[in-house]
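# Descriptive analysis of the structure
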Amino acid sequence: AIKEQTLLAGAAMAECSGLQFVSPYAFEAMQKVDVVRLAALSDPELRLLLPCLVRMALCAPADQSQSWAQDKKLILRLLSGVEAVNSIVALLSVDFHALEQDASKEQQLRHKLGGGSGESILVSQLQHGLTLEFEHSDSPRRLRLVLSELLAIMNKVSESNGEFFLKSSELFESPVYLEEAADVLCILQAELPSLLPIVDVAEALLHVKNGAWFLCLLVANVPDSFNEVCRGLIKNGERQDEESVGGRRRTEALRHLCKMNPSQALRVRGMVVEECHLPGLGVALTLDHTKNESPDDGVSDLVCFVSGLLLGTNAKVRTWFGTFIRNGQQRKRDNISSVLWQMRRQLLLELMGILPTVRSTHIVEEADVDMEPNVSVYSGLKEEHVVKASALLRLYCALMGIAGLKPTDEEAEQLLQLMTSRPPATPAGVRFVSLSFCMLLAFSTLVSTPEQEQLMVMWLSWMIKEEAYFESISGVSASFGEMLLLVAMYFHSNQLSAIIDLVCSTLGMKIVIKPSSLSRMKTIFTQEIFTEQVVTAHAVRVPVTGNLSANITGFLPIHCIYQLLKSRSFTKHKVSIKDWIYRQLCETTTPLHPQLLPLIDVYINSILTPASKSNPEATNQPVTEQEILNVFQGLSGGENTRLTQRYSITTQLLVLYYVLSYEEALLANTKILAAMQKKPKSYSSALMDQIPIKYLIRQAQGLQQELGGLHSALLRLLATNYPHLCIVEDWICEEQITGTDVLLRRMLLTNIAKNHSPKQLQEAFSMLPGNHTQLMQILEHLTLLSAGELIPYAEVLTSNMNRLLNAGVPRRILQTVNKLWMVLNTVMPRRLWVMTVNALQPSVKIVRQQKYTQNDLMIDPLIVLRCDQRVHRSPPLMDITLHMLNGYLLDIRPSQNNAMGPEAPEVTREELKNALLAAQDSAAVQILLEICLPTEEEKAQSSNTHSLLKSVHSTTGPKSPELEEEDSLLCNLREVQCLICCLLHQMYIADPNIVKLVHFQGYPCELLALTVAGIPSMHICLDFIPELIAQPELEKQIFAIQLLSFLCIQYALPKSLSVARLAINVMGTLLTVLTQSKRYAFFMPTLPCLVSFCQAFPPLYEDIMSLLIQIGQVCASDVATQTRDFDPIITRLQQLKEKPLEVSGLCKDSSNKSFSRDIASMDPDVRLCQCVENTIIEIINMSVSGV
């Protein structure tokens, strides 16, 4: 069957060989109706176009112009001498309407009979064969004969369901009547277009002998239908045209059409790809086009077309064409009729055309090469051929890797010759060598003989030797030398999948490479070319990449060093890599190269983690402190920073990332490092103090797009190691400083403001006692400067802060200094804090010149609060102090991880750390609460008014005059209290355990009104008050009930009600167990709290009144035992309970009388009873006033 199909295909291709087709010249003349060109045609060429020309001459034209009239005369003159015109004129004289009706009837009849060849309405009583009938018939009958035969074929095509058949028809096969039959066919299609759509006619003609010839004539006489016919034939075509006779006939017909109209050949090829049909046609058209191309050194259209199909983004097209290649190989028909064979032959010819012409086949000894380095027996690849050679290599990779092409011995030999040729030292040459190398790795089967293997080894040796020369001459940083090194490292570490990924990314295609196919290459690399020691030694000598950035693509030395670090080759062979890494970090710029951060991470790991357990000392050396300092030398943050900087901001940020990551890794590996004899050291705090971390982070924030993930990585490390630099308030402040304010500042900034020097600022401070104006003016001008520009003024500003504590300094100066300090805090927080703390010390310490360091403040943050006492009543300076305290309390947390030492067990270390932090925080809170207490002087000043703290809580006492209340609320103490309450609120929210610890420790009850009202998070106390009340110490129980009384007023919640009820029950229980002295000590301070309970929760009235009567009865019973008449008080208490409203008016009078009567009595029970009575009266009065 296969043999029969082959014979049929051969016959189909040979059937039209003797016929004359319409030439491209003639078709173009018909397309443009160029009468001059038509007149130049020979008679045989003109004969093919007569049907259209005769219709054109006889039919009434739509164009009535004079020029067309002249052209029409020329056409008539042209036709006048041709004999065949008469028969065509006769054909046009037939009644086509009647013919169409008969044809329609015949169609209906055939449909009814099931498509059989029964009676025919168009043609009846056929006495002879079709050929004889056609010869003897007149024009109308000829039309009917051809129409009947054509309709029969078209019907059979529609019923065949896509199965190809070849219809034997005398009418279309007889060479004598081909031209007359073609005339009839063209006239029929032109006059009956609805009955005979041209696409359907074209499809039918594929099924008869000489169909391609008839099709070309038909389209030539209707030139406008060219694209429509081609699209229709392609759309109805097979997905794989080489697989069937029908597909090959269709391809052949379309090729003839494209030869007739070559200008549309590439457009037809585009239709082929769009429909994913007839791949052989696409290749054939490309081959035809390539032959017509003028030969040059560029990449041919065939290479471009096939590469586009296999390497494009359309997976459907890639699969379709790959199937064509695979199926073509399976047929094993390597003859010239196969389009695939023709394509492979053409590609091989192109490949051989660019191979070096002079090439020695013998292997040269190394000694010979060394003797004459400038003479090579291998002629190099010509420069003009390099790009074409690279394109051919990629195409063959795609054909073999994606389409599954199996190269012949000849193809493999020529490919190897091309791959191992030596290009000139240009960027294109570097690219070619990289592609050749990757192709050798991907298709190692190309190297099959020992001679070929030796050729490949020599070529690889040449690559190693010439790598530096290529890089220096071509100017390409990413040379093939790094790729060689990287592959060698991957082979040594057996990372074959990484090699496969490298090959695929370099070739730019995803191909399947079996790891087993790399075994021979692995042996060659690891044993013959690159031993591990050679790789390591060579890597260190590779120069760093200058101005390394993400713009430099390809494989660089950094990739090789990274891989060697990862496999621990440097430590294994005791090769120092520290200097190379430091030099590379110093040679970086934006945008950041993506390999830099992984390089730093793996380098840090190689410093801290030994290469093996057997050799625990095998680690790399860290970067020295001096080298780190060199990077940041000259970095001041001012306007001239870029002029004084030696290294780029990228280098500085990378070194900062290295230092922070190193410190974090040191903490994370504490246990492992403890077992090492030679422990890596942490960088000193003095070094960290000299690195402007916050300034660098701000710089990185503005370069986020160019730095990739470096900014976010630095923020993560900062949050872990330096939480005091990540305070939310600072970030918000920075947003304000870096926002639209900058533009406004620049608009307001005058030359006078720019000219103020730190020395002038110092002089203005020294004049402070007598002259405020000059200092105020300079400070206002400084507020217009940016944070970086303020840095030179920081020392003067902080050192003179103690002058601001003197009396008479305007508040505006203090506030402006506070504002400037906050701006400076965004760029140099740690240095600023140390200077500020030293400046605000008490005068005794300043005289002694006792200076604190950053380390002192990190160990003991409470030093911040041991400042001059006047700071505690200067709100702007207190705001600065609290900001520093908060920062140092946060900073102490990571530093305590080291303080515990690695020897302690993990649980013990954690417990000790938490205990220390809690003690530190609670001490800070207690000191701050003490600051909130008014001093003796402040108490004396407010002796004529109610106490400040009492006025916040008391609601039943006499009201202060408005002026006095305003004085108390707007004083410095009040403002400082607000600032402290804000900080305490933040601390309580950050760690609720501090609240519990502070309240279990206790503090002066005078502050309860302030803390409950001023700290929103005090409601947390409701959770642990029951536990606090249960404590055995009487003082803690009293403190808990007093605290609860304020909380109930502030937060009248169901939870508060339940805790208040518990407190009342506890008070009732304690009444029965306490001795007389303890009873007096407990109830005297707690009885007023019952008034607050009643005020917050009226349902507790009954319980509280019962408790009060019970207290009074217990006291009365004690007095009775001492023979005292106490019945009047008991009777009065009972009356107050039973008839509160009736006796409420007498309460105050009776209270005053009883008090005057018993004032001299110092008996605790008597005084407690009086307190009970006063409490009941307050509750009653509160209830009455509330009603």
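Quick caveat, the model's predicted, so the values are computed rather than measured.

## Considerations on the overall build of the protein
When you go through the protein residue by residue, the secondary structure sums to 69 helices and 0 strands. Counting every position in the protein, which comprises 1187 residues, the buried fraction comes to 52%. Contacts in the protein between residues far apart in sequence, at least 24 positions, make up 74% of those at least 6 positions apart. Carbon and sulfur atoms make up 54% of the accessible area of the protein, which totals about 54600 Å².

## Observations concerning the pattern of salt bridges
Side chains bearing opposite charge may pair, as long as their charged atoms lie close to each other. Applying the stated rule across the entire model yields 25 salt bridges. The partner of Glu 179 in a salt bridge is Arg 47, with the nearest N and O atoms 3.4 Å apart. Here Glu 179 is found in helix α12 (residues 178-191), whereas its partner Arg 47 is found in helix α4 (residues 43-47), with 132 residues between them in sequence. Notably, a salt bridge pairs Glu 780 with Arg 812, separated by 3.2 Å at the nearest N-O pair. Here Glu 780 is found in helix α47 (residues 773-782), whereas its partner Arg 812 is found in helix α50 (residues 811-824), with 32 residues between them in sequence. Taking relative accessible area as the criterion, Glu 780 reaches 28% and is therefore assigned partly exposed. Put simply, Glu 28, Lys 32, Asp 34 and Arg 37 are held in one network by salt bridges that share partners.

## Re the state of the cysteines
With the rule as written, the count across this model stands at 0 disulfides. Here Cys 186 is not disulfide-linked; the sulfur of Cys 52 is the nearest cysteine sulfur, at 8.7 Å.

## Focus on the packing of helix α25 (residues 427-442) against helix α28 (residues 496-507)
At a closest axis distance of 9 Å, the pairing of α25 and α28 adopts a crossing angle of 135°. Between α25 and α28, the angle is such that the two are oblique. Taken as a pair, α25 and α28 cross one another with a handedness that is left-handed. Every residue of α28 that contacts α25 at Arg 431, Ser 434, Leu 435, Cys 438, Met 439, Leu 441 and Ala 442 is listed here: Ile 499, Val 503, Thr 506 and Leu 507.

## Some remarks on unusual backbone geometry
Here Thr 590 and Pro 591 are connected by a cis peptide whose omega angle stands at -5°. Positioned with a positive phi, Val 33 is a non-glycine residue whose angle comes to about 50°. Take Val 33: it is sitting in the loop between α2 (24-32) and α3 (35-39). Positive phi, normally seen in glycine, also occurs at Asn 547, with a value near 50°. Position of Asn 547 among the secondary structure elements: in the loop between α30 (532-541) and α31 (557-566). Since its relative accessible area comes to 51%, Asn 547 is described here as exposed.

## Some words on the packing of helix α17 (residues 265-275) against helix α18 (residues 279-292)
When two helices pack together, their arrangement is given by the angle between the helix axes and the distance between those axes. At their nearest, the axes of α17 and α18 sit 9 Å apart, and the two run at 160° to each other. Relative to α18, the element α17 is oriented roughly antiparallel. Note on packing geometry: the crossing formed by α17 with α18 is left-handed. Each of Ala 265, Leu 266, Val 268, Arg 269 and Val 272 in α17 lies in contact with α18, whose residues at this interface are Leu 281, Gly 282, Leu 285, Thr 286 and His 289. Of the residues contributing to the contact of α17 with α18, the split by class is 6 nonpolar, 3 polar and 1 charged.

## Let's talk about the side chain of Arg 1079
Topologically, Arg 1079 is positioned in helix α65 (residues 1076-1096). Relative accessible area serves as the criterion here: at 4%, Arg 1079 is assigned to the buried category.

## Details of the environment of Leu 784
For Leu 784, the location among the structural elements is in the loop between α47 and α48 (787-790). Among the residues examined, Leu 784 registers a relative accessible area of 14% and is labelled buried.

## Considerations on the nonpolar core
One finds Leu 257, Tyr 658 and Phe 1093 to be the most contacted residues of the largest nonpolar core, which totals 372 residues. No other element matches helix α37 (residues 649-668), which puts 12 residues into this core. Each of domain 1 (17-222) and domain 2 (1042-1136 + 1159-1186) gives at least three residues to this core. Excluding residues within four positions of it along the chain, Leu 257 makes contact with Leu 215, Cys 216, Val 219, Phe 226, Val 229, Cys 230 and Leu 233.

## Here's the deal with the packing of aromatic side chains
Under the counting rule described, the total for this entry stands at 12 aromatic pairs. For the ring pair Phe 321 and Phe 324, a centre distance of 5.4 Å and an interplane angle of 40° mean the geometry is tilted. Pair noted here: Phe 321 and Phe 324 are both in helix α20 (residues 315-331), with a separation of 3 residues, about one helical turn. Residue classification places Phe 321 among the buried positions, given a relative accessible area of 1%. The interplanar angle of 70° and the centroid separation of 6.2 Å between the aromatic rings of Tyr 658 and Tyr 683 together place this pair among those described as edge-to-face. With Tyr 658 in helix α37 and Tyr 683 in the loop between α38 (670-674) and α39 (685-690), the pair connects residues that are 25 residues apart, well separated along the chain. Here the two residues Tyr 658 and Tyr 683 agree in accessibility, since each one is buried.

## A word on α30
Within α30, the full set of buried residues consists of Val 535, Thr 536 and Ala 539. Seen along its axis, α30 keeps its buried residues to an arc of 95°; they face one direction. Exposed residues pointing more than 90 degrees away from the buried face of α30 are listed as Gln 533 and Arg 541.

## Quick notes on the confidence of the model for the protein
For the protein, the average pLDDT comes to 79, and 80% of its residues sit at 70 or higher. Of all the helices and strands in the protein, helix α22 (residues 366-371) carries the lowest mean pLDDT, 39, while helix α63 (residues 1034-1050) carries the highest, 94. In this model, residues 637-644 is a region of pLDDT below 50 whose contacts with residues beyond four sequence positions or in other chains number 12 contacts. Taken as a whole, residues 944-968 scores under 50 in pLDDT and shows 24 contacts with residues more than four places along the chain or in a different chain.

## Brief notes about the environment of Leu 79
The topology assignment puts Leu 79 in helix α6 (residues 66-80). The sequence separation of Leu 79 and Leu 53 amounts to 26 residues, and the corresponding C-alpha distance is 8.1 Å.

## Comments concerning the environment of Asp 1023
Its location among the elements puts Asp 1023 in the loop between α61 (1008-1014) and α62 (1025-1029). In this structure the C-alpha to C-alpha distance between Asp 1023 and Val 1059, which are 36 residues apart in sequence, comes to 9.1 Å.

## So, α28
In this model α28 runs 17 Å from its N-terminal to its C-terminal C-alpha over 12 residues, within 8% of the 16 Å that 1.5 Å per residue would give. Counting buried residues in α28 gives 9 out of 12 residues, a clear majority hidden from the surface. Those residues of α28 lying buried are Leu 496, Ala 498, Ile 499, Ile 500, Leu 502, Val 503, Cys 504, Thr 506 and Leu 507. Following α28 by one or two positions, Gly 508 has its phi on the positive side, about 75°.

Cut-offs applied
Residues numbered from 1 in each chain as written. Predicted model: local features only at pLDDT ≥ 70, side-chain atom pairs only at ≥ 80, totals over all residues. Heavy atoms only, no water. Helix = DSSP H or I, 4+ residues; strand = E, 2+ residues; numbered from the N terminus. Buried < 20%, exposed > 50% of the residue type's maximum accessible area, 1.4 Å probe, protein only. Contact = heavy atoms within 4.5 Å. Areas by Shrake-Rupley, 256 points an atom, 1.4 Å probe, with all protein chains shown as cover. Salt bridge = Lys/Arg side-chain N within 4 Å of Asp/Glu carboxyl O. Disulfide = S-S within 2.5 Å. Axes fitted to C-alpha atoms, helices over the stretch in contact; angles between N-to-C directions. Parallel < 35°, antiparallel > 145°, perpendicular 65-115°, else oblique. Left-handed = near helix turned anticlockwise from the far one by under 90°. Nonpolar A, V, L, I, M, F, W, Y, C, P; charged D, E, K, R; others polar. Core = buried A, V, L, I, M, F, W, Y, C linked by side-chain atoms within 4.5 Å. Domains from an automatic or database assignment. Phe/Tyr/Trp six-rings, centres within 6.5 Å; stacked < 30°, edge-to-face > 60°. Arc of directions from axis to C-beta. pLDDT = per-residue confidence, 0-100. Expected span 1.5 Å × (residues − 1).

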